[in-house]
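Chains, contacts and geometry: an overview
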Amino acid sequence: MSSAEGMAPLDQAQRREGSAAATPETPVIRLEQLRKSFGDNLVLDGIDLSVAAGEVLVIIGPSGSGKSTLLRCINLLEPADSGRIFLEGEEITRKGADVSAVRQRVGMVFQQFNLFPQLKAIDNLTLAARRIKKMPRAEAEQRALELLRRVGLEEKAGQHPHQLSGGQQQRVAIARALMMEPHVMLFDEVTSALDPELVGEVLIVMRGLARDLGMTMLVVTHEMQFAREVGDRLIFMDGGRIVEQGQPSEVLDRPNEERTRRFLRRTLQLADSLEELTITEQGETV
């Protein structure tokens, strides 16, 4: 489907060696005691987290556990109440930090595609590069075509979003984020709005970014097979805290925490059958 599929995958050590954005001593992303509330609702409760260069960190957890807010704080879309965030050793939560410069280094793809409906696919890609990075039109369009080719959509460059399927629109959104040459990519449940038949084409593109480009990625997802095959590390969040973390296969197959086991048991049951599930008086599915 895309040029990424035919390339030999890199192992984790090669991916980290090939990424010069940070060293093992200086993680690409580091969070210190990050806290965030919305009114009386404590969403992030003292998060400590480091992400190494070239690492694919997968984040799972129930709705409301703070996963999306975590990504939005890293991209400075939400201001943290307290704590600090470092990007390649630089504190980006300090007063006076250049928010625009940070967002050029930290790309983000959302559940909704957020494409400009009046613009063709190629123009959706080139708009920010031309306006923010002052990239000449010819250079921007050449890079845009290269990225559309990577996500398998070069032939769709002249089409508008309404002419594309949901999976194609999401792949355009990924290519658009890559136009700014980010050092980190954040993916916030990017397949949850797609029909099941379209999920795979987006996950293949994300797998290619990890394996072939060595891209540092934080991925909020419910796609456990993707987490198992592509993730270097998996964290399970609940109540604004990191409950458990480790290699994806270890956490998914042999979780240490009862809360993790309960979440995975419900998730797997929902994937297989509803017959054995009941709803408690507290509204929990067991």
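Everything in this summary refers to the structure shown in the same document. Predicted model only: the values in this text are computed from it and were never measured.

Attention shifts here to empty space enclosed by the protein. Per the counting criterion, the structure on display carries one cavity of 30 Å³ or more. Computed from the structure, the largest cavity encloses a volume of approximately 40 Å³.

Position of His 162 relative to the elements: it lies in the loop between α5 (137-150) and α6 (166-178). Sequence separation of His 162 and Leu 115 is 47 residues, and the distance between their C-alpha atoms is 9.9 Å.

Here the focus is the pairing of strand β2 (residues 41-51). The pairing of strand β1 (residues 29-38) with β2 spans eight bridges and is classified as antiparallel. Residue pairing across strands places Ser 37 opposite Leu 42, the latter belonging to β2. As consecutive antiparallel partners, β1 and β2 are separated by two residues, and within that stretch Gly 39 has a phi angle of approximately 65°, a positive value.

Taken as a whole and judged by the stated rule, the model has 20 salt bridges. Ionic pairing is found between Glu 258 and Arg 265, a salt bridge with its closest N-O pair at 3.9 Å. The structure contains a network of salt bridges with shared partners spanning Arg 30, Glu 32, Arg 84 and Glu 91.

The terminal C-alpha atoms of helix α7 (residues 196-213) lie 26 Å apart, and with 18 residues this matches the ideal 26 Å at 1.5 Å per residue to within 8%. Among all positions in α7, only Leu 198, Val 199, Glu 201, Val 202, Leu 203, Val 205, Met 206, Gly 208, Leu 209, Ala 210 and Asp 212 are buried. Gly 214 occupies a position one or two residues after α7 and carries a positive phi of about 65°.

This paragraph deals with the packing of aromatic side chains. Summed over the entire model, instances satisfying the criterion amount to one aromatic pair. Taking the centre distance of 5.1 Å and the plane angle of 40° together, the rings of Phe 236 and Phe 263 count as tilted. Taken as a pair, Phe 236 in strand β9 (residues 233-238) and Phe 263 in helix α10 (residues 258-272) lie far apart in primary sequence, 27 residues in all.

Below, the discussion takes up the layout of surface pockets. What the largest pocket holds in volume is close to 640 Å³. Of all the secondary structure elements, the ones that give two or more residues to the lining of the largest pocket are α3 (99-105), β6 (106-109), α4 (121-131) and α6. The element that contributes the greatest number of residues to the lining of the largest pocket is α4, accounting for five residues. Split by residue class, the lining of the largest pocket holds 16 nonpolar, seven polar and three charged.

Relative to the assigned elements, Arg 259 resides in helix α10. Filtering out sequence-adjacent residues up to four positions away, Arg 259 remains in contact with Pro 62, Phe 236, Asp 238, Val 243 and Arg 266.

All right, on to the environment of Lys 133 then. Summarising the element assignment, Lys 133 is placed in the loop between α4 and α5. For the pair formed by Lys 133 and Gln 104, sequence separation is 29 residues and the distance between their alpha carbons is 9.1 Å. Beyond its immediate stretch of four places on either side in the chain, Lys 133 contacts Gln 104, Ala 128, Met 180 and Glu 181. A polar contact is formed between the side chain of Lys 133 and the side chain of Glu 181, at a distance of 3.3 Å.

This part takes up the sheet that holds β6. The strand order across the open sheet formed by six strands is β6-β7-β8-β3-β9-β10, and the pairing between neighbours is mixed. Two strands lie at the open edges of the sheet, namely β6 and β10 (241-246), each paired on one side alone. Strand-to-strand twist in this sheet, taken as the mean axis angle between neighbours without regard to direction, amounts to 20°.

Let us look at the sheet that holds β1. Each strand in a sheet pairs with another by means of backbone hydrogen bonds, the pair being arranged parallel or else antiparallel. The strand order across the open sheet formed by four strands is β2-β1-β4-β5, and the pairing between neighbours is antiparallel. Looking along the sheet, the strands with just one partner apiece sit at the ends: β2 and β5 (90-91).

Our next topic: the packing of α6 against α7. At their nearest, the axes of α6 and α7 sit 8 Å apart, and the two run at 20° to each other. Here α7 runs roughly parallel to α6, going by the angle between their axes. Our pair here, α6 against α7, has a crossing hand that is right-handed. Side by side, α6 and α7 meet where Gly 166, Gly 167, Gln 168, Gln 170, Arg 171, Ile 174 and Leu 178 of the first sit next to Leu 198, Glu 201, Val 202, Val 205, Met 206 and Leu 209 of the second. Broken down by class, the residue content of the contact of α6 with α7 amounts to seven nonpolar, four polar and two charged.

Conventions and cut-offs
Residues numbered from 1 in each chain as written. Predicted model: local features only at pLDDT ≥ 70, side-chain atom pairs only at ≥ 80, totals over all residues. Heavy atoms only, no water. 1 Å grid on protein atoms, 1.4 Å probe; cavity = no way out; pocket = protein on both sides within 12 Å on 5 of 7 lines; lining within 4 Å. Points joined across faces, edges and corners; volume = space filled by probe spheres on them. Helix = DSSP H or I, 4+ residues; strand = E, 2+ residues; numbered from the N terminus. Pairing = 2+ DSSP bridges. Salt bridge = Lys/Arg side-chain N within 4 Å of Asp/Glu carboxyl O. Expected span 1.5 Å × (residues − 1). Buried < 20%, exposed > 50% of the residue type's maximum accessible area, 1.4 Å probe, protein only. Phe/Tyr/Trp six-rings, centres within 6.5 Å; stacked < 30°, edge-to-face > 60°. Nonpolar A, V, L, I, M, F, W, Y, C, P; charged D, E, K, R; others polar. Contact = heavy atoms within 4.5 Å. Polar contact = N/O pair within 3.5 Å; in protein donor to acceptor, adjacent residues only side chain to side chain. Axes fitted to C-alpha atoms, helices over the stretch in contact; angles between N-to-C directions. Parallel < 35°, antiparallel > 145°, perpendicular 65-115°, else oblique. Left-handed = near helix turned anticlockwise from the far one by under 90°.

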